[in-house]
Amino acid sequence: MSAVYGIFGWPVAHSRSPAMHNAAFRALAIDAVYVPFAVPPAQLPGAIEAVRALGVAGLNVTLPHKSAVMPLLDELAPAARAIAAVNTIVRKGERLIGDNTDAEGLARSLLEAGVDLQGLEAVVLGAGGAARAATFGLAAGGAKRITVAARRRAAAEALAAELAPHCPGAELAACDFGAPLERACAGCGLLVQATSATLGESAAARAFADALPLHSLPRSAVVCDLVYKPLQTALLARASERGLRTVDGLGMLLHQGALAFEHWTGQRPPIGVMRAAL
Ligand code: NDP
């Protein structure tokens, strides 16, 4: 009998995870299928009960359920607790364990691109879920100082304060856009764009990128945009024009999925196959 995996989201039709995971199952001849489940927010508790009743083998969770699902599970892994969001559910017998592979997915994607996080100073733009995962991932990967910059300074400060106890090896700071961001960029080796402002090809996305102080980054700095639609965002285009190294958001998407696959199956994920499917 085929094992059933899937993703809960609302909407979920746009998700690339089914293509990625089904390709991986095929490549390793695992008898399993990965299905997108469109779950309205009010139905989430019932859907998790169905997972238990039907013996669904593992799940991904995407917007808007990443936080709401937490109290419905039996246990949370440290990354999920720190980031306060679950993107992966692993089944251990009758127990459902919530984990978060976004943070390590980003760290692996940067490592793959040749970015050494150890002792690095970084700036993270944004104070939403992606910024939270990115900040935790950079700290867990060895970054020594991370400045969280958001258009609402209070949101950046709250994120840094909440994550600080989970990031003992890193100094977390917060600022808003403008002069403080320019100063933070001057000393940093990595800028991670984790807002949704660079989504799409709009004039607003270009204006957002144009307003960022890329000129103050050291020439050796790397610019990473977590947004992957488009793959070459206005920010990455500007960074490339300035001769800075860039990393797109597809690597994080790939590696968060690869880590989930590893947690579910205990097998080494076929990274090349999964990347091609994406
Ligand atoms: P959230 O909605 O949780 O947060 C969005 C953040 O962007 C908020 O801090 C928001 O600020 C800020 N923001 C939005 N527009 C602007 C703007 N014009 N100027 C400045 N700040 C702005 O979204 P997520 O954090 O979940 O996701 C952010 C993006 O990251 C998504 O668009 C997605 O494409 C990408 N992502 C990529 C992943 C990957 O695997 N590569 C994984 C997850 C996300 P405010 O609160 O003030 O509105």
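Residues numbered from 1 in each chain as written. Predicted model: local features only at pLDDT ≥ 70, side-chain atom pairs only at ≥ 80, totals over all residues. Heavy atoms only, no water.

### A few points about unusual backbone geometry
Defined as follows: Helix numbering and strand numbering both begin at the N terminus, where a helix is a DSSP run of H or I of at least 4 residues and a strand a DSSP run of E of at least 2.
Across the junction of Trp10 and Pro11, the peptide omega takes the value 5°, indicating a cis bond. On the secondary structure map, Pro11 appears in the loop between strand E1 (3-9) and helix H1 (17-27). Even without a glycine there, the phi angle at Ala29 is positive, about 55°. Along the chain, Ala29 falls in the loop between H1 and strand E2 (32-38).

### Re the packing of aromatic side chains
Test applied: Centres within 6.5 Å make a pair out of two Phe, Tyr or Trp rings, where for Trp the six-membered ring is used; the pair is then stacked when the planes are under 30 degrees apart, edge-to-face when over 60, and tilted otherwise. Burial classes: relative accessible area under 20% of the type maximum marks a residue as buried, over 50% as exposed, and values in between as partly exposed (1.4 Å probe, protein chains only).
Per the stated rule, a full pass over the model turns up six aromatic pairs. The interplanar angle of 40° and the centroid separation of 5.4 Å between the aromatic rings of Phe25 and Phe261 together place this pair among those described as tilted. In this pair, Phe25 sits in helix H1 while Phe261 sits in helix H10 (residues 250-265), placing the two residues 236 residues apart along the sequence. Residue classification places Phe25 among the buried positions, given a relative accessible area of 1%. Of the aromatic side chains, those joined through ring pairs into one cluster are Tyr5, Phe25, Tyr34, Phe261 and Trp264.

### Topic: the pattern of salt bridges
Put simply, the test is: Definition used for salt bridges: Asp or Glu carboxyl oxygen within 4 Å of a side-chain nitrogen of Lys or Arg.
Counted according to the given criterion, the structure contains twelve salt bridges. Close ionic contact of Lys144 with Glu121 constitutes a salt bridge, the shortest N to O distance being 4.0 Å. One end of the pair, Lys144, is in the loop between helix H5 (129-140) and strand E8 (145-150); the other, Glu121, is in strand E7 (residues 121-125), with 23 residues separating them in the sequence. What makes Glu121 partly exposed here is its relative accessible area of 27%. Glu162 serves as the salt-bridge partner of Arg132, at 2.8 Å between the closest nitrogen and oxygen. Taken together, the residues span a long stretch of sequence, with Arg132 in helix H5 and Glu162 in helix H6 (residues 153-163) at a distance of 30 residues.

### Here we look at the domain arrangement of the protein
Quick note on the threshold: Domain borders in the structure are assigned automatically or taken from a domain database. A contact between two residues is defined here by any heavy atoms of the two lying within 4.5 Å. Put simply, buried area is how much 1.4 Å-probe accessible surface two parts lose in total, over both of them, once they are put together. Three categories are distinguished: nonpolar for Ala, Val, Leu, Ile, Met, Phe, Trp, Tyr, Cys and Pro, charged for Asp, Glu, Lys and Arg, and polar for the others, with Gly belonging to the last.
When cut into domains, the protein gives domain 1 (3-100 + 252-277) and domain 2 (104-247). Taking the mean C-alpha position of each, domain 1 and domain 2 sit 26 Å from one another. Facing the 13 residues of domain 1 at the interface are 14 residues of domain 2. Together domain 1 and domain 2 conceal approximately 1300 Å² of surface at their shared face, both sides included; 65% is due to carbon and sulfur atoms. There are two salt bridges connecting domain 1 and domain 2. The salt bridge involving Glu262 is made with Arg108; its shortest N-O contact spans 3.8 Å. Going through the elements one at a time, helix H3 (78-83) and H10 are the ones with two or more residues in the side of domain 1 that touches domain 2. Grouping the constituent residues of the side of domain 1 that touches domain 2 by class yields seven nonpolar, three polar and three charged.

### A word on the side chain of Gln256
Condition: By the criterion applied in these results, polar contacts are pairs of N or O atoms within 3.5 Å in which, for protein atoms, one can donate a hydrogen and the other can accept it, and in which residues neighboring in sequence qualify only through two side-chain atoms.
Secondary-structure assignment places Gln256 in helix H10. Looking at Gln256, its side chain comes within polar contact range of the main-chain oxygen of Leu253, at 2.9 Å. If near-sequence neighbours (up to four positions away) are discounted, Gln256 is found in contact with Met20, Asn60, Asn87, Thr101, Asp102 and Gly105.

### Brief notes about the pairing of E2
Spelled out, the test is: Between any two strands, at least two bridges found by DSSP are needed for them to pair. By the criterion used throughout, a crossover qualifies as right-handed when its path from the first strand across the helix to the second strand runs clockwise, the strands pointing away from the viewer.
Sheet topology note: the E1/E2 ladder contains seven bridges and is parallel. From the neighbouring strand, Val4 faces E2, where its bridge partner is Val33. Crossover connection from E1 via H1 to parallel E2: handedness right-handed.

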